[in-house]
Amino acid sequence: MSVGSAAAKSLKLSPLISWRNTGKLQQTLADCIKRSGRGLHSGDISTVRILPAEAGSGRYFVFRSNVIHASIDNAVKASALCTTLSRDGYSVRTVEHLLSALEASSVDNCCIEIEGSKPGDQSIEVPIFDGSAKEWVEAIDQVGLKVAVDCSGKCCEKMAPYLNEPVHVLKNDSFVTAFPHSKVRITCGIDFPQAPAIGCQWFSSSLFDGSFHFEQIASSRTFCLYEEVEHMRSLGLIKGGSAETAIICSVTSGWLNPPLRFHDEPCRHKVLDLIGDFSLLAQGGHQGLLVAHVIAYKVLNRGICKNRQGYVKDDLYNRLTRRVYSHNVSAENILHMRIEFVKSENILPYHIKSYQLVYAPGTIVLSIY
C-alpha cells in the first residue's frame, strides 16, 4: 500500500468526515513552473519550481533536501501573519496563496522545490508577488494539467472529504463553523468598524472551481491598516511589504493605493486564504477543501491577532481542520453560541441580526433572528 493510500485510509476512519469519489481522476501539472520573488515578511528573494508528481503523492515542498508535505500535521499553530509548514527543524512560510491556487486549480499532486539566496537558513518564504494568488493561477493556466499516474503507470480516482456533523471553533467574537452540505460553500464575513473604507463585508458562494477562483478570488490582494505598518516593521515583519504587495487602508483617509479590483476585495482575500488553509486537509492527491457550508466571521480581523510575542496569525482555520481530522468535537456535550451580525445586503440569503446555535453530537438547531 502506498503512503498516499495509507493516509487516505486513516482519514476515512474519522467519523466526522466521509471520503467519497468525485468522479474525477487525480491531476498534476503538464509542465514545470518556475517563479522568483521577494518574501513578504523576510524581504528575501526565493525561487520556486513546481514539478509534476505521481498520483497519490499529494502536494509537498522540498527545501534543502527536506520533504515537507502540505498537510495539517505540519502546520505551525502560531505563525506570524502567515501560514507556515514545518518539519524536522525546516520551515516554509507564507504558503497559503500558492496552496489556494493549487487546490482551486485541481493540481492534486506536485513537488514544490524552493530555495533562497542565504546558505544555511532553515526557514524560507514563498514569494508574495502582488499580495494575491494571481501570479500562481496564471502560471498554472499557462502550463496546463494532465492526468497523474503512479509509479506503475496507473491513474487514481480523486476523493473529497464530506462533513458528516456540524463542527466549530469559537474564539471571542470570531468563529469558523461548518455544516454538512451537498457541495462546497463558503460564507465569509469581516468587520473593521475602525476603518470605514473597509467596514463590514460579506462574501458567499458555492462556486469554487478553477474558473471561478481564477476570475473572482485569485486576484484579490492582501490588505493592511496603514496605522499598524510601522509597529509590524518594528517587530521584524513585512520587510518585503510595499504598496505593490498589498492594498493599504488608512483609518482616516481610506484606501491609499486604489483602485480596488473588487468592491469587497478584502473579504474575497480572506476566502482565498481560507481555501489555502483548508487545502491542508488534502492527502494522497485527494481534495482538501471540505464539502460543507463553511462560515467564517472575523477570523482574521485585521489579518492578525496580537499577543505578547507580537502579531500572530489567528489559527482558527487550522484549529477547525485539526478538529475535523481528529474528531475532538465529541468531547463537548452542548455549546450555546450567540453571534451578533451586522445586516448584509445581497450577500446572504437572509438578513441576519443574530443567531443562536445549539449543538450536541448528532443534533444541530439554528435559530435566525
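Thresholds, definitions, all that
- Each chain has its residues counted from 1, following the order in which its sequence is written.
- In keeping with the predicted nature of the model, local features appear solely for residues at pLDDT of at least 70, side-chain atom pairs appear and are counted solely at 80 or more, and the whole-chain, interface and lining totals rest on all residues.
- Based on all heavy atoms of the structure, the side-chain values leave hydrogens and waters out of the count.
- The rule for pairing is simple: two strands pair if DSSP sees at least two bridges between them.
- Secondary structure elements follow DSSP: runs of H or I of four or more residues count as helices, runs of E of two or more count as strands, with numbering from the N terminus.
- Interaxial angles span 0 to 180 degrees and are taken between N-to-C directions of axes, which are lines fitted to C-alpha atoms, for helices over the stretch in contact.
- Contacts are residue-level and defined by heavy atoms, with any inter-residue pair within 4.5 Å sufficient.
- Any Lys or Arg side-chain nitrogen found within 4 Å of a carboxyl oxygen on Asp or Glu counts as a salt bridge.
- The cut-offs for exposure are 20% and 50% of the maximum accessible area for each residue type, with area from a 1.4 Å probe on protein chains only; residues under the lower value are buried, those over the upper are exposed, and the others partly exposed.
- pLDDT is defined as a per-residue confidence score from the predictor, taking values between 0 and 100.
- Pairing of N or O atoms within 3.5 Å defines a polar contact, subject to two protein rules: one partner must be a possible hydrogen donor and the other a possible acceptor, and residues neighboring in sequence count only if both atoms are side-chain atoms.

A. Geometry of the sheet that holds strand E9 (residues 110–116). Taken in spatial order, the five strands make up an open sheet running E3-E4-E9-E5-E6, and their pairing is mixed. Of all strands in the sheet, those with a lone pairing partner are strand E3 (33–38) and strand E6 (66–69), marking the two edges. Looking at each pair of strands side by side, their axes are set apart by 25° on average, direction ignored. Strand direction decides the pairing type here: strand E5 (residues 59–63) and E6, joined by four bridges, are antiparallel. Across the sheet, residue Phe63 finds its bridge partner in E6, namely Asn66. Strands in contact with helix H2 (residues 96–104) are strand E4 (45–52), E5 and E9; relative to E5, the strand with the most contacts, it is inclined by about 145°. Those strands touched by helix H3 (residues 134–143) are E3 and E4, and its axis lies near 165° from that of E3.

B. Quick peek at the pattern of salt bridges. Within the structure shown, the criterion is met by eleven salt bridges. A salt bridge links Asp88 to Arg87; the shortest N-O distance between them is 3.8 Å. For Asp88, a relative accessible area of 64% translates into the label exposed. Given the relative accessible area of 38%, Arg87 is considered partly exposed.

C. Broad picture of the confidence of the model for the chain. Here the chain averages 81 in pLDDT, while 77% of its residues score no lower than 70. In the predicted structure, residues 1–13 sits below a pLDDT of 50 and forms 15 contacts with residues beyond four places in sequence or in another chain. Below a pLDDT of 50 lies the segment residues 327–369, which in the model reaches 97 contacts outside its immediate sequence neighbourhood of four places, other chains included.

D. Seen up close, the side chain of Arg268. Topologically, Arg268 is positioned in helix H6 (residues 265–278). The buried category is assigned to Arg268, whose relative accessible area is 9%. A distance of 2.8 Å separates polar atoms of two side chains, one belonging to Arg268 and the other to Gln216. Once residues lying within four places of it in the same chain are set aside, the contact partners of Arg268 are Phe203, Gln216, Ile217, Ser220 and Phe262.

E. Broad picture of the pairing of strand E8 (residues 90–93). Residues Tyr90 and Val92 line one face of E8 and the alternating positions Ser91 and Arg93 line the opposite face, and both faces are buried. Two strands pair when backbone bridges link them, and strand E7 (residues 84–87) and E8 are joined in this way by four bridges, in the antiparallel orientation. For Leu85, the partnering residue across the bridge sits in E8 and is Val92. Where E8 lies against strand E10 (residues 123–125), three bridges are found, and the strand directions are parallel. Considered in E10, the bridge of Arg93 is made with Glu125.

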